[in-house]
Amino acid sequence: MPKKIPMRQCVGCREMKPKKELIRVVRSPEGVVSLDFKGKLPGRGAYVCPDPACLAKARKSKGLERAFSAPLPNEVWEALEAQMKEVPPDAQ
Ligand SMILES: [Zn+2]
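1. Notes on the nonpolar core
Among the nonpolar cores identified, the biggest contains 22 residues, and Val25, Val48, Leu64, Phe68, Leu72 and Leu80 are the most heavily contacted of them. Of all the elements in the fold, those that place two or more residues in this core are strand 3 (23-27), strand 4 (33-36), strand 5 (44-48), helix 1 (52-61), helix 2 (63-68) and helix 3 (74-85). Discounting chain neighbours no more than four positions away, the residues touching valine 48 are Cys10, Val11, Leu22, Ile23, Val25, Cys54, Leu55 and Met84.

This is the structure:
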């Protein structure tokens, strides 16, 4: 693999994957957590595969809480799950 490709670890399955194959999850300076399909939102970011199963794993393992050093309430998880279902096909 060419070393120019930036790799990131999925907070769900913990696999290293090219950044552009993952969805960035961002926690804004205001503490709002959302999916960042374009990778441009300010704040602290983590990465997850575009796969609801990985989101579920991250929820179970608290991978995202660790990445953000903040608790994620249920409604945030539900919002992330809903947003993941709406991933535009051309976003990756
Ligand atoms: Zn994954």
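2. As for the pattern of salt bridges
Taken as a whole, this structure holds two salt bridges when the rule is applied. Arginine 24 is the salt-bridge partner of aspartate 36, the closest N and O atoms lying 2.6 Å from each other. Of the two residues, aspartate 36 is situated in strand 4 and arginine 24 in strand 3; the sequence distance between them amounts to twelve residues. Aspartate 36 sits in the buried class, given a relative accessible area of 5%. With a shortest N-O distance of 3.2 Å, glutamate 81 and arginine 59 are connected by a salt bridge. On the criterion of sequence distance, the pair formed by glutamate 81 in helix 3 and arginine 59 in helix 1 is long-range, its members being 22 residues apart. Classification of glutamate 81 by relative accessible area gives partly exposed; the value is 28%.

Parameters at a glance
Residues numbered from 1 in each chain as written. Predicted model: local features only at pLDDT ≥ 70, side-chain atom pairs only at ≥ 80, totals over all residues. Heavy atoms only, no water. Core = buried A, V, L, I, M, F, W, Y, C linked by side-chain atoms within 4.5 Å. Buried < 20%, exposed > 50% of the residue type's maximum accessible area, 1.4 Å probe, protein only. Helix = DSSP H or I, 4+ residues; strand = E, 2+ residues; numbered from the N terminus. Contact = heavy atoms within 4.5 Å. Salt bridge = Lys/Arg side-chain N within 4 Å of Asp/Glu carboxyl O.

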